[in-house]
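Overview (structure and organization)
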Amino acid sequence: MKRPNVIFVFSDQHRAQACGYAGDPNVKTPAMDRLAAEGVCFTTAISGMPVCCPYRAAFMTGQYPHHHGVFLNDLCLTTDAKCIGQAFLEAGYDTAYIGKWHLYGHGREKPIPASRHLGFEYWKVQECTHDYHRSGYYEGEDPGMRYWQGYDAAAQTEDAIQYVRGRSKAEQEGKPFFLVLSFGPPHDPYDTAPKRFRAMYPPESLTLRENVPEYQKKAAREELSGYYAHISALDECLGRLMNEVKDCGIWEDTVFIYTSDHGDMLHSQGVCLKQKPWEESIRVPLLIRYPRGRRDPGRTDLPVNSPDLMPTLLDLCRIPIPDTVDGKSFAGEILAPGREEGDCGKIPADGRAQRGDFLPAVLLQCISPSGEWHKFKGGRPYRGIRTPRYTYVRDLNGPWLLYDNREDPYQLRNLVEEGGFRELMERLGEILCHVMREAGDELLPADVYLKKWGYQVDFLGTNLYDT
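Below is a short write-up of the structure. Everything numeric in this text was worked out from a predicted model, so none of it was measured.

With respect to the element layout, Arg146 can be found in strand E6 (residues 146-147). We classify Arg146 as partly exposed; its relative accessible area is 34%. For the pair Arg146 and Ser135, spaced 11 residues apart in the sequence, the C-alpha separation amounts to 8.5 Å. Excluding anything up to four places from it in sequence, Arg146 contacts Ser135, Gly136, Tyr137 and Glu139.

Right under this line is the structure:
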């Protein structure tokens, strides 16, 4: 049976709520809506440590941050674990990476040596930039920086289109490809989307989420105007790439994914950006279309976590899952019922969906708060779980947050602060302890983990990386 191509597109800081198909009354995302309608939409996809580098390292290794060690931004992924690009390359795939990397940790503008490309052969990458109109990249092993023309996401998409055109011929001859397209937007700065997209979202016309405090509503509307503009620009890029895959005649033989590394609070709960355990920070879009898999497109509330992505994609392509992987395959949610045994390799029994309000549960982590959520702004180490219904979080002092997301979707009632929920809290606490034991994790002060990994940070907890 022919192995499928895989196109994995992900953006930086796109929260799950900010999509048309998810019910946002403002944003226009026709391509994402189409992908959601044609594929499987994971409504409880979670960024277990909602920060750029920890997510990217989890995607690469299938490991939790306390195992791969990248639990702060601007750290270098130095794990000996086999990474996803290497696994696809060894399985006979052509591999490509275009866009933001953020796993080298030795300066955001330096070239990344070939030994750190982690199995990706086609390489047009910069470590990190959020200057979307003067965005550089390095090609292959060339140490000279080049620049994307215009808005970088559009230029990167065009490069991905050219790659797909070239690879589609090789694919027809039996050599599939694995392409990762990594966008910088909609990460702030919010006001730098192309002008025609900014014009779509006058701030005064926007409807806010119910958990934005009154005194922050003006700022929220101004920032959301640019945030939505970036998302619509990315949606156009996504639509162009999807159409090209169809035009090349390989749409039915391609697993196509859109997701993001974490969300953005944007003044919900009175805070901004990420790292926090609230819905706007931890929940991300996750859309997977695999025509040869599940016959009936639809939605699932199965909670899936960042380390689950690598084993799932390998499983779908019948590539062995390395023993170093922590995550579980959720390929069973994508494949058609009644498929022939062995179509997609072995799916662990405990990776299948268990229905109910409490299980399955995925792990939420903040090992060492830093950056914009440092300790002087309320940042704290925490561990928690997100189940199909509940969010439960503990910090070093004990229970911190408990939300019934079905009854309280905007998380306006913290049940830890109310009486009458002791039994619920105890049950969720037991599940959290079980999930942490299974992951080999402990809730300890940040200094314990910083010392273990030998990291030096400033007084705000931010990594002092080599510039």
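That was the structure; now back to the text.
Before going further, it helps to examine helix H1 (residues 30-38). Looking at H1, one finds that the buried residues are Ala31, Met32, Leu35 and Ala36. Seen along its axis, H1 keeps its buried residues to an arc of 140°; they face one direction. Residues of H1 that are exposed and point over 90 degrees away from its buried face: Pro30 and Ala37. Its buried side turned inward, H1 meets strand E2 (40-42), helix H7 (217-247), strand E8 (254-260) and strand E9 (286-289).

Below, the discussion takes up the packing of aromatic side chains. As enumerated under the stated definition, the model contains 30 aromatic pairs in all. Ring geometry for Phe120 and Phe178: centres 5.8 Å apart, planes at 35°, overall tilted. Here Phe120 is found in the loop between strand E3 (94-100) and strand E4 (122-126), whereas its partner Phe178 is found in strand E7 (residues 177-186), with 58 residues between them in sequence. No difference in accessibility class separates Phe120 from Phe178, as the two residues are buried. When the ring of Trp278 is compared with that of Trp400, the centres are 5.9 Å apart and the planes differ by 70°; the resulting orientation is edge-to-face. Taken together, the residues Trp278 in the loop between E8 and helix H8 (279-282) and Trp400 in strand E14 (residues 398-404) connect sequence positions 122 residues apart.

Once that is clear, we can look at the packing of helix H2 (residues 52-61) against helix H9 (residues 309-316). Closest axis-to-axis distance for the H2/H9 pair is 6 Å, and the angle between their directions is 30°. Overall, the two elements H2 and H9 adopt an arrangement that is roughly parallel. Our pair here, H2 against H9, has a crossing hand that is right-handed. Contacts between H2 and H9 involve Tyr55, Phe59, Met60 and Thr61 from the first element and Leu309, Met310 and Leu313 from the second. A class-by-class count of the residues in the contact of H2 with H9 yields six nonpolar, one polar and no charged.

For the rest of this paragraph, the subject is the pattern of salt bridges. For side chains of opposite charge, pairing can occur when their charged atoms come near one another. Under the definition given, this model contains 29 salt bridges. With a shortest N-O distance of 2.9 Å, Asp142 and Arg146 are connected by a salt bridge. A salt bridge links Arg196 to Glu236, with the shortest nitrogen-to-oxygen separation between them at 2.6 Å. Taken as a pair, Arg196 in helix H6 (residues 195-198) and Glu236 in helix H7 lie far apart in primary sequence, 40 residues in all. Through salt bridges with shared partners, a single network forms among Asp12, Arg56, Lys100 and Asp261.

Scoring rules and cut-offs
Residues numbered from 1 in each chain as written. Predicted model: local features only at pLDDT ≥ 70, side-chain atom pairs only at ≥ 80, totals over all residues. Heavy atoms only, no water. Helix = DSSP H or I, 4+ residues; strand = E, 2+ residues; numbered from the N terminus. Buried < 20%, exposed > 50% of the residue type's maximum accessible area, 1.4 Å probe, protein only. Contact = heavy atoms within 4.5 Å. Arc of directions from axis to C-beta. Phe/Tyr/Trp six-rings, centres within 6.5 Å; stacked < 30°, edge-to-face > 60°. Axes fitted to C-alpha atoms, helices over the stretch in contact; angles between N-to-C directions. Parallel < 35°, antiparallel > 145°, perpendicular 65-115°, else oblique. Left-handed = near helix turned anticlockwise from the far one by under 90°. Nonpolar A, V, L, I, M, F, W, Y, C, P; charged D, E, K, R; others polar. Salt bridge = Lys/Arg side-chain N within 4 Å of Asp/Glu carboxyl O.

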